[in-house]
Structure formats: structure tokens, C-alpha cells
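# Coordinate inspection notes
Here's the letter readout for the chains.
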Amino acid sequence: MEHWAGKETVSWDPHASDLRVRHGEMADAAALRDRLGHVYWLGGGSGGGKSTIARRLAARHGLRVYATDDVMPDHARRSVGDAPFLSEFAAMDMDERWLLRSPETMLETFHWFRGEGFGLIVDDLLRLPPEPGVVVEGFRLLPRLVQPLLAGPDHAVWLLPTPGFRREAFGRRGSLWAIAGKTSDPERALGNLLERDRMFTERLAFEAKELDLSVIEVDTMMTEDELAGRVTEAFGL
């Protein structure tokens, strides 16, 4: 099989990938790409429609869905002693997490944004049978960590919601205040969360561009059918 290598690195953060620790010396990149050739990676910012689109594609094309959000509690337990940012976050109360720090600090220190636990996603995927194919979705799929695992550029795409789309999506789900409402100042906490997520989405866009990876901007004018069609096309399904 011919493999696509893309660009090798991005410039902003040389840390954060426990994939290098867990798999870098255990298997070469080509072998991992071979074993993950049936995987389609759907990443992006929170509220961008990843879960909805992954379920639609799976139903239409006979694929399995692996939702990284669903395994976060399990991965947190399996990361004990091996995830310093996660340990620091777990020790904070809600005000310490969402009120007493700046959105910039929240962005830089949030464990999943740092790539902690990404190797566990790869471990889980390697345990799945090669058929049917898998759509793995979630914000934890950082471009710099996914790119070395791709069999080709049509196996990954990132959804980049605009701030307006994200807020509407959270409102429709009824989850807009789910975290902020547990703090002593929900309005300010919500503002911090939305700003952190905005900056994270910008970071994803930068990384993906540097690595020649596909992105789709999701705004309030785009319908679910249109987005599903764009992702289907990006994956070549």
C-alpha cells in the first residue's frame, strides 16, 4: 500500500503527544498506518456536529462509530500517573477550573487539548477488527497526532464551527449551562468556556493548514444535510 506522508511537523507545540511515548518505539509509523487504514478521523471544535455526522455516515455506509467523548472517563482512569495536566485539572473545584484562570490558561493546560490520553484512543482502535471500517470522532483528535497515522489525506477532516454556530448548537442540546451553571458565576464561566473553545478551534485550523489536512468551516447557514455531504465527499465515500 502506498502511504501519504504529508508534512512532518507543525511549529507551535513539540510536547503533548503521549502517542510518541506509547507507540513511537513499539511500532514504526508505516505499520500503524497499515493497521489503521480502515479508520476515518472526524475531528474539530466542540459543537461542530461531529457526533451527528459520524452517526449518519456510519448508518449509510455500514461503518462503526468510535466516539472519543464516550471513553473519556475510562481513559482518565487508565491515565492515572501518566497525565500531569489531567491530574492537575482533577484536583480543582469548578471555580478554579472555569473562573479563576484565564481562557488562555484553560486552553494551554486542558489535558485533552494537550494530547494526554491520545495513545489510549489508538490502543482502542487497534483492538477493533479491520471490518467494518471505523469513523472515530471527537475534539481530542488533534491534527498533529492524527496525521502520522493516516493512510491518505482523504481519511481525515476537521469541522471548525463558528462561535455563533457553537453557541446555537449548545443551546439546542440544552448543554449551554451544563458546566458554567456549576460555578459561582455562570455568566463569566460561560464566557470563559466559549472563548477557550474559540481559541482551540483556531488552533485546530492552524495545525490542519500546516499539515495540508482537510477542514470544513461550519456556520449557521449550513444545513445538516450539506455538512454530511461535505464530509462524505472529503472521505471519498
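Scroll up a little and you will see the structure.
Attention in this report is confined to the structure presented alongside it. As a convention, each chain's residues are numbered from 1 in the sequence order in which they are written. The model is predicted, so local features are restricted to residues of pLDDT at least 70 and side-chain atom pairs to those at 80 or more, both for listing and for counting; the totals for chains, interfaces and linings are taken over all residues. Hydrogens and water molecules were not included; the side-chain quantities draw on all heavy atoms of the structure.

## Here's the deal with the overall build of the protein
When you go through the protein residue by residue, the secondary structure sums to 12 helices and 5 strands. A total of 237 residues make up the protein; the buried ones form 51% of that total. Taking as baseline every contact in the protein between residues at least 6 positions apart, the subset at least 24 positions apart corresponds to 84%. In DSSP terms, a helix is any run of H or I states spanning at least four residues, a strand is any run of E spanning at least two, and both are numbered starting from the N terminus. The buried label goes to any residue with under 20% of its type's maximum accessible area, the exposed label to any with over 50%, and the partly exposed label to all in between, with areas taken from a 1.4 Å probe on protein chains only. By definition in these notes, contact holds between two residues if any of their heavy atoms fall within 4.5 Å.

## As for the layout of surface pockets
Definitions used for this entry: grid spacing 1 Å over protein atoms alone; cavity, a set of points where a 1.4 Å probe fits but cannot get out; pocket, an open set with protein on both sides within 12 Å along at least 5 of 7 lines; lining residue, one with an atom within 4 Å of a point. Grid points are joined across faces, edges and corners, and a volume is the space filled by probe spheres set on the points. Volume-wise, the largest pocket comes out at about 750 Å³. S46, D69, F139, I179 and R196 are the residues nearest the centre of the largest pocket, which is lined by 32 residues in total. Under this grouping Gly is polar, as are all residues other than the nonpolar Ala, Val, Leu, Ile, Met, Phe, Trp, Tyr, Cys and Pro and the charged Asp, Glu, Lys and Arg. Grouping the constituent residues of the lining of the largest pocket by class yields 17 nonpolar, 8 polar and 7 charged.

## So, the pairing of strand β3 (residues 134-137)
Neither face of β3 is left uncovered, since the one carrying V134 and V136 and the one carrying V135 and E137 both have all their residues buried. Strands pair, by our definition, only if DSSP identifies at least two bridges between them. Sheet analysis places strand β1 (residues 39-44) next to β3, joined by 4 bridges and oriented parallel. Looking at β3, one finds that L42 is bridged to E137. Pairing of strand β2 (residues 64-67) with β3, which is carried by 4 bridges, proceeds in the parallel orientation. When the bridges of β3 are listed, V65 appears paired with V135.

## Describing the packing of aromatic side chains
Stacked, tilted and edge-to-face are the three classes applied to pairs of Phe, Tyr and Trp rings, where Trp contributes its six-membered ring and a pair requires centres within 6.5 Å; stacked means planes under 30 degrees apart, edge-to-face means over 60, and tilted covers the rest. By the definition in use, this model includes 9 aromatic pairs. Taken together, F89, W98, F110, F113, F139 and F200 form an aromatic cluster joined through their ring pairs. Geometrically, a charge over a ring is one whose NZ (Lys) or CZ (Arg) sits within 6 Å of the ring centre while staying within 35 degrees of the ring normal. Above the face of the W112 ring, R140 is positioned so that its terminal group lies 4.1 Å from the ring centre. Taking NZ or CZ as reference, R172 lies 5.7 Å from the ring centre of F165, over its face.

## Section: the nonpolar core
Counting residues in hydrophobic clusters, the biggest one holds 45 residues, and the most contacted among them are W41, F118 and L125. Of all the elements in the fold, those that place two or more residues in this core are β1, α7 (103-109), α8 (118-127), β3, α9 (143-146), β4 (156-161) and α11 (186-210). Per element, the largest residue contribution to this core is 8 residues, and it comes from α11. Among buried residues, those of type Ala, Val, Leu, Ile, Met, Phe, Trp, Tyr and Cys that are joined through side-chain atoms within 4.5 Å constitute a nonpolar core. By size, the runner-up hydrophobic cluster in this structure holds 19 residues, among which are L42, A58, V135 and F235.

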